Amino acid sequence: MKRYSKLIIAAIIALIFIGTFVFLWQKSQPKEIVYSELTSEVKDIQKTTIITGTIEPRNEVSVKPQISGIIAELMKEPGQTVQAGEVIARVKVIPDMNQLSSAESRVRLSDINLRQVETDYKRMENLHQQKLVSDEEFEKSRQQLSQAREENAAANDALQVVRDGVSKSNASASSTLIRSTISGVILDVPVKVGNSVINSNTFNDGTTIATVANMNDLIFRGNIDETEVGQLSIGVPLKITIGALQGVNFEASLEYISPKATQNNGANQFEIKAAVRLNTLKNSGDSTRAAKPASIRSGYSANAEIILAEAKQVVSVPESAIEFVGDSTFVNVLVDSVDKKTYERRYVETGLSDGVNIEIKKGLQSGDRVRGPQIITEDNDND
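Quick caveat: nothing in here was measured; it's all calculated off a predicted structure. Going along each chain's sequence as written, the residues are numbered from 1 onward. With the structure being a predicted model, the display of local features is reserved for residues of pLDDT at least 70 and the display and counting of side-chain atom pairs for 80 or more, all residues being used for whole-chain, interface and lining totals. The side-chain values count all of the structure's non-hydrogen atoms but skip hydrogen atoms and water molecules.

Enquirer: Tell me about the overall build of the chain, residues and numbers included.
Expert: Across its full length, the chain carries five helices and 22 strands. Only protein chains enter the accessibility calculation, which uses a 1.4 Å probe. A residue is then buried if its area is under 20% of the maximum for its type, exposed if over 50%, and partly exposed in between. The proportion of buried residues among the 383 residues of the chain is 30%. A separation of at least 24 residues holds for 71% of the contacts in the chain among residues at least 6 apart in sequence. The Shrake-Rupley method, run with a 1.4 Å probe, gives the accessible areas here. Residue values count only the displayed protein chains as cover. Carbon together with sulfur atoms contributes 50% to the accessible area of the chain, which is approximately 24100 Å² in total. We count a stretch as a helix when DSSP gives it H or I for four or more residues in a row; a strand needs E for two or more, and each element gets its number in order from the N terminus. Contacts between residues were defined by any pair of non-hydrogen atoms, one from each residue, lying within 4.5 Å.

Take a look at the structure:
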C-alpha cells in the first residue's frame, strides 16, 4: 500500500513539474504584435482655439445727478427697461449755505435796483407825456426797466434752484429728477432712498444713481495668447457658447485686437473684442428654436471658438498613425494582407493638424490603409 502511495505522489510531482515547464516555455515565446488599421480619407481640417471671456454691453452708461442732495424716491429697479429721458429717481436738495446766502443777496440787490428803475421810469413817463423829454430818452428808460425786471426774475430763479433744486421757469427740466440719458436696461441701482449723493464736478466723479446699457448691442471680451494672436485678423468669425445657458451658441465677428500685451500669470496676452450677432442665437438641441436675447445678462462667462487655420477637402489620417523622426514624418502603409500583413514605411509630407487628424500633402491617397497604434491585449498587459 505504501508503494502505491509513493508512486501517486511521484506522479503528481512530475505533472506539476511538466506543467510548470510548459507554462514557462509558452510565456517565453514572443507574442505577435497586433496593430490597428486606419484609412486615409478626404475631409476638412480646422485648427481652432478656445478663448475664455465675458459677454458685455458695448455701451454702459453711469447716470449721475446734476445736484447734490438726498435720494427721496426711486422709480426704477435693476432689470427694468427705460427710455432716454425717463425718470429714474428724485433727489431732495440740501442747499449749500454759502450758495444760498449768495443767491438771497442777489435777490435783495435786484429788488432794490428794480424799485429804483421803476421810479425813474414813472418820472420819465410823465415828462415824456408833457413833451419835456425826447422819445429816445424815454425808450432808453423803458429798456432799463425791462433789464431790471429780467435780472430780478433770474435772481429769483437762481435762489429757487439753490434752495429747492427747481424753479418755476424750468420745472419741466428739474435737476431734482434724475433721468436716463440712453434707452436700455437698468443693470444696477447702487443707491437707496435716504442716501446722500453729490453731483459730478472737478473734484470728484459724482455719485452713480444707476447704470444703464443697451442689451441689444453686445460684445465678447477675452484674452488670447501671444503665440496665437498673429493668426487672427479683424472680421474673422467666432462661435460663442455661454456656460449659464446650456446648449445655446451664437456667432460673433472679431472687431478689435489690442496692440499692447498684458501680463497674465507670467504669459503675454492680448485683449480681443467681438461683436455678437444676436440674430444668430441658436439652441444646439433644437435648431428650429432661437434663444431669446433677453435671457443674456451682462457679465456672463462665455467661450469663443476661433478658427486659426483651415484646409478644405484634403487627404488626412489620424495623427496617431504618423511616425515622427526629427523633422521628417512617415507612415506604414499596408501593401499585402493575404498571407501576413505587410507594411511599407513611406515618407509623407504633412500639413495642418487639428490635434486629432492631420493633413497629408504628399505620399498618400484617399483610401490607403495605414498602420495605427498597437492594440493592447490582455497577454501584452501580463507581459
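Okay, back to it.
Enquirer: For unusual backbone geometry, give the residues involved together with the corresponding values.
Expert: Look at N265: it is not a glycine, yet its phi comes out positive at around 55 degrees. The backbone of Q313 sits at a positive phi, close to 50 degrees, despite the residue not being glycine. Residue classification places Q313 among the exposed positions, given a relative accessible area of 55%.

Enquirer: I'd like a description of the sheet that holds strand 7 (residues 177-179), backed by residues and values.
Expert: What the four strands build is an open sheet, ordered 7-6-4-9; its pairing is antiparallel. Edge strands, defined here as strands with exactly one partner in the open sheet, are strand 7 and strand 9 (196-197). Any two strands are treated as partners once DSSP identifies two or more bridges connecting them. Two elements, strand 4 (residues 69-74) and strand 6 (residues 87-93), share five bridges in a ladder whose sense is antiparallel. Bridge assignment links E73 to a residue of strand 6, and that residue is R90.

Enquirer: I'd like to hear about the packing of aromatic side chains, residue by residue, with values.
Expert: The rule is short: rings of Phe, Tyr and Trp, with Trp giving its six-membered ring, pair when the centres are within 6.5 Å, and they are stacked under 30 degrees, edge-to-face over 60, tilted in between. According to the stated counting rule, one finds two aromatic pairs in the structure shown. Measuring from ring centre to ring centre gives 5.6 Å for Y121 and F138, while their planes differ by 25 degrees; the resulting arrangement is stacked. Here Y121 is found in helix 2 (residues 97-129), whereas its partner F138 is found in helix 3 (residues 135-164), with 17 residues between them in sequence. Summarising the aromatic geometry, the rings of F330 and Y347 are spaced 5.9 Å apart at their centres and angled 75 degrees between planes, so their arrangement reads as edge-to-face. One end of the pair, F330, is in strand 18 (residues 328-336); the other, Y347, is in strand 19 (residues 342-347), with 17 residues separating them in the sequence. On the accessibility criterion, F330 (16% relative accessible area) is buried. Classification of Y347 by relative accessible area gives partly exposed; the value is 48%. Cation over ring: K273 sits above Y256, and NZ or CZ is 5.1 Å from the ring centre. A ring is considered to have a charge above it if a Lys NZ or an Arg CZ atom is located within 6 Å of its centre and within 35 degrees of its normal. Over the ring of F330 we find R345; its NZ or CZ atom is 4.0 Å from the centre of that ring.

Enquirer: Hey, could you go over the nonpolar core for me, with residue numbers and the actual values?
Expert: Counting residues in each nonpolar core, the largest one holds 28 residues, and the members touching the most others are I55, F220, I240 and I296. The biggest single contributor to this core is strand 15 (residues 267-283), with five residues. The next biggest cluster of nonpolar side chains, apart from the first, holds 14 residues, and it includes I186, V197, A210 and V212. Nine residue types can take part in a nonpolar core, namely buried Ala, Val, Leu, Ile, Met, Phe, Trp, Tyr and Cys, and a core is a set of them joined through side-chain atoms within 4.5 Å.

Enquirer: Account for a nonpolar patch on the surface, naming residues and giving values.
Expert: On the surface, a cluster of nonpolar side chains totalling about 300 Å² of accessible area is made up of I8, I12 and I16. With respect to the secondary-structure elements, I16 resides in helix 1 (residues 2-28). Note on I16: relative accessible area 53%, which makes it exposed. A patch is a set of surface residues, each over 30% in relative accessible area and not in a salt bridge, joined within 9 Å for like charges and within 5 Å for the nonpolar side chains Val, Leu, Ile, Met, Phe, Trp and Tyr. Whenever a carboxyl oxygen of Asp or Glu lies within 4 Å of a side-chain nitrogen of Lys or Arg, that contact is scored as a salt bridge.

Enquirer: Describe the pattern of salt bridges, with residues and values.
Expert: The full count for this structure, using the stated rule, is 15 salt bridges. Salt bridges here are not isolated pairs; linked through shared partners, they connect E56, R221 and E271.

Enquirer: Can you tell me about the sheet that holds strand 8 (residues 184-188), naming the residues and giving the values?
Expert: Taken together, the four strands give an open sheet; going across it, the order is 3-10-8-5, and neighbouring strands pair in antiparallel fashion. The outermost strands of the open sheet, each flanked by one partner alone, are strand 3 (60-63) and strand 5 (81-82).

Enquirer: How would you explain the side chain of K76 if you had to name every residue and give the values?
Expert: On the secondary structure map, K76 appears in the loop between strand 4 and strand 5. By relative accessible area, K76 is classed as buried at 17%. One polar contact links K76 to E86, side chain to side chain, over a distance of 2.7 Å. Among all residues touching K76, those that are not within four sequence positions of it are T81, V82, E86, V87, I88, I186 and V189. Here a polar contact is taken to be a pair of N or O atoms separated by no more than 3.5 Å, where protein atoms must pair a possible hydrogen donor with a possible acceptor and residues adjacent in sequence count only if both atoms sit in side chains.

Enquirer: Describe the side chain of T211, naming the residues involved and giving the relevant values.
Expert: Among the secondary structure elements, T211 is positioned in strand 10 (residues 210-213). In this structure T211 comes out as buried when scored by relative accessible area, which is 11%. With near-sequence residues (within four places) excluded, T211 lies in contact with E60, V61, S62, V185, I186, L187 and D188.

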